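The residues making up each chain are set out below.
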Amino acid sequence: MAVGGFAVDGPGGSFKGKITVSVVITCIVAASSGLIFGYDIGISGGVTTMVPFLHKFFPSVLRKATEAKTNMYCVFDSQLLTSFTSSLYIAGLAASLVASRVTAAIGRKNTIVIGGCTFLAGAAINGGAANIAMLILGRILLGFGLVFTNQATPVYLSEVAPPKWRGAFNTGFQFFIAIGVVAANCINYGTAKHTWGWRLSLGLAVVPALIMTTGALFISDTPSSLVERGKLEEAKKSLLKVRGSDTDVEAELAELKKSSEVAKAAQREPFVTIFERQYRPHLVMSIAIPFFQQLTGINVIAFYAPVLFQSVGFGNDSALIAAIILGLVNLCSILVSTYVVDRYGRKFLFMEGGIQMFICQVALACVLAATTGVSGTKHISKGYAILVLVLMCTYAAGFGWSWGPLSWLIPSEIFPMKIRPTGQSISVAVNSQPRLCYLKHFYPCYATSNLALSCSIPAGSRL
């Protein structure tokens, strides 16, 4: 089949897969894997602003906060604190090296289950952490769990969804990521004032992990994965289940078998095959799309939204509410992508979303420069603070219906079966590396930057 100009072997548009209740339920259950990713994104930034959490694990941050004329980013300039946040992605980067082999060997479904169980263990350790070592151990397990689910879920959705509506079904993963972010922000808001609030916020990560892991146990693996592992009868049953019991699936099954036989006949290492000339365009796209997605700056906003809003004059409660609003806007925008992606194509959304985000970022920089000054020491009024929120929400909407879901969709659908897990693992690894740099260096970089926003705004003037 052809996807966006790429020739891809395996079932495609010639097979009339219809939308059935079974395929909808199956894709919803699989896409719910995004809950754990979204929850972690939302919870991390909020927990690192909770005083009881900082008092127990990072007292140096609180000591800086008591100093006079301290810049907000200087307060959080702690390598130990950023190590807590970024350790997840260091572990994830390492896990991505083996994730493709695991996905190919045991199947997409089983990889999702393993990822869910690993994440659950990490969440339990973090919730009961007594020292920094336990925190980082928990984060490492979370990282392994996230990479396995992020590796397997987009591929699962692309292989199970009807070809005509593959884009819409695949955006479900990003939709659940957004739900996880909103849920985490709401929980942070409710627990921020309690001494044990950070434990509840971190520990409740077991809930989305239980939901997606339990659900995954009741869905079948993808037909492509089952054929790849020689389970032809199970593959046929899986096809009948997702395409409809009254559908003739023999032609699609035969095409899957042919693709699998071609892949096995080649007998080449997937990581070698993927660098062949014929797959170079696929490889470039699987690297470029997640890389440039990370360069949009979405992770700084996603992880540190409460801190960012505090730095422009919002009070603690107002900052958390603003972060919730931001998450809800992103959540609603993904529904736009679900409706548009298969009707107008991927290229249209990439271009529109990119232009919208660019305009919002330039406007935001101009507003902050004009209202807070180059050094960020001037007071920002309530009206301009709200304008900042509006611009950030417009930016988040542009991301939500374009680069957000498409960065998971494109790599999972353009590769042929024999190198699909390998291509997805490269995409996940590329996705993790810039995020790691953001989280490791965001606070320190801004602590020494003349463009950093001041936190010397009097408490009484905050929103």
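Sequence order sets the numbering: in each chain, residues are counted from 1 along the sequence as written. Reporting of local features is limited, given that this is a predicted model, to residues whose pLDDT is at least 70; pairs of side-chain atoms are given and counted only at 80 or more, and all residues count toward the totals for whole chains, interfaces and linings. Each side-chain value is derived from all of the structure's non-hydrogen atoms; neither hydrogens nor water enter the calculation.

Asks: Would you take a moment to explain the confidence of the model for the chain for this structure?
Replies: It should be kept in mind that the predicted coordinates are not to be read in detail where pLDDT is low. Mean pLDDT over the chain: 80, with 80% of residues reaching 70 or higher. Averaged pLDDT values for the elements of the chain fall to 42 in strand S2 (residues 6-7) and rise to 94 in helix H7 (residues 108-127). Confidence drops under a pLDDT of 50 for residues 1-13, and excluding neighbours within four residues, the segment shows 33 contacts in the predicted structure. For the stretch residues 68-76, pLDDT sits under 50, and the model shows 34 contacts to residues farther than four places along the chain or on other chains. Confidence of the predictor in every single residue is expressed as pLDDT, which spans 0 to 100. Starting at the N terminus, helices and strands are each numbered in turn, a helix being any DSSP run of H or I of at least four residues and a strand any DSSP run of E of at least two. We call two residues contacting when some pair of their heavy atoms lies within 4.5 Å.

Asks: Could you clarify how one ought to interpret the packing of helix H8 (residues 132-160) against helix H9 (residues 166-191) in this entry?
Replies: A fitted line through C-alpha atoms serves as each axis, taken over the contacting stretch for helices, and the angle formed by two N-to-C directions is quoted from 0 to 180°. The contact between H8 and H9 brings their axes to 8 Å, and the two run at 155°. For the element pair H8 / H9, the angle class is roughly antiparallel. The interaxial crossing formed by H8 with H9 has right-handed handedness. Contacts between H8 and H9 involve Asn 150, Thr 153, Pro 154, Leu 157 and Ser 158 on the former and, on the latter, Arg 166, Phe 169, Asn 170 and Phe 173. For classification purposes, angles smaller than 35 degrees are called roughly parallel, those larger than 145 roughly antiparallel, those between 65 and 115 roughly perpendicular, and all remaining angles oblique. Crossings are classed by handedness, with left-handed meaning an anticlockwise turn of the near helix from the far one by less than a right angle and right-handed meaning a clockwise turn.

Asks: Quick question: what am I supposed to make of helix H2 (residues 34-47) here?
Replies: Between the first and last residue of a helix there are one fewer steps than residues, each counted as 1.5 Å, and that sum is the expected span. Over its 14 residues, H2 extends 20 Å from the first C-alpha to the last, a length consistent with the 20 Å expected when each residue adds 1.5 Å. Taking burial as the measure, the 14 residues of H2 include 14 buried ones, the bulk of the element. In this scheme, a residue with accessible area under 20% of its type's maximum is buried, one over 50% is exposed, and one in between is partly exposed, where area comes from a 1.4 Å probe on protein chains only.

Asks: Mind showing me how you'd approach the state of the cysteines here?
Replies: Joining two cysteines, a disulfide is a covalent bond between their sulfur atoms. A pair of sulfur atoms, both from cysteines and within 2.5 Å, is called a disulfide here. For the structure shown, the criterion picks out zero disulfides. Cysteine Cys 360 shares no disulfide, and the gap to the nearest cysteine sulfur, in Cys 393, comes to 9.9 Å.

Asks: So what exactly am I meant to see when it comes to the packing of aromatic side chains here?
Replies: Both the distance between ring centres and the angle between the ring planes are used here to describe each pair of aromatic rings. Centres within 6.5 Å are what make two rings of Phe, Tyr or Trp a pair, Trp counting through its six-membered ring; a difference in plane orientation under 30 degrees is then read as stacked, over 60 as edge-to-face, and the rest as tilted. In this structure the tally under the stated criterion is nine aromatic pairs. For the ring pair Phe 291 and Phe 292, a centre distance of 5.5 Å and an interplane angle of 80° mean the geometry is edge-to-face. A relative accessible area of 34% places Phe 291 in the partly exposed class. We count a charge as sitting over a ring when the NZ of a lysine or the CZ of an arginine lies within 6 Å of the ring centre and within 35 degrees of the ring normal. We note Lys 56 situated over the ring of Phe 57; from NZ or CZ to the ring centre the distance is 5.7 Å. The ring of Tyr 339 has Arg 343 lying over it, and the distance from NZ or CZ to the ring centre is 4.0 Å.

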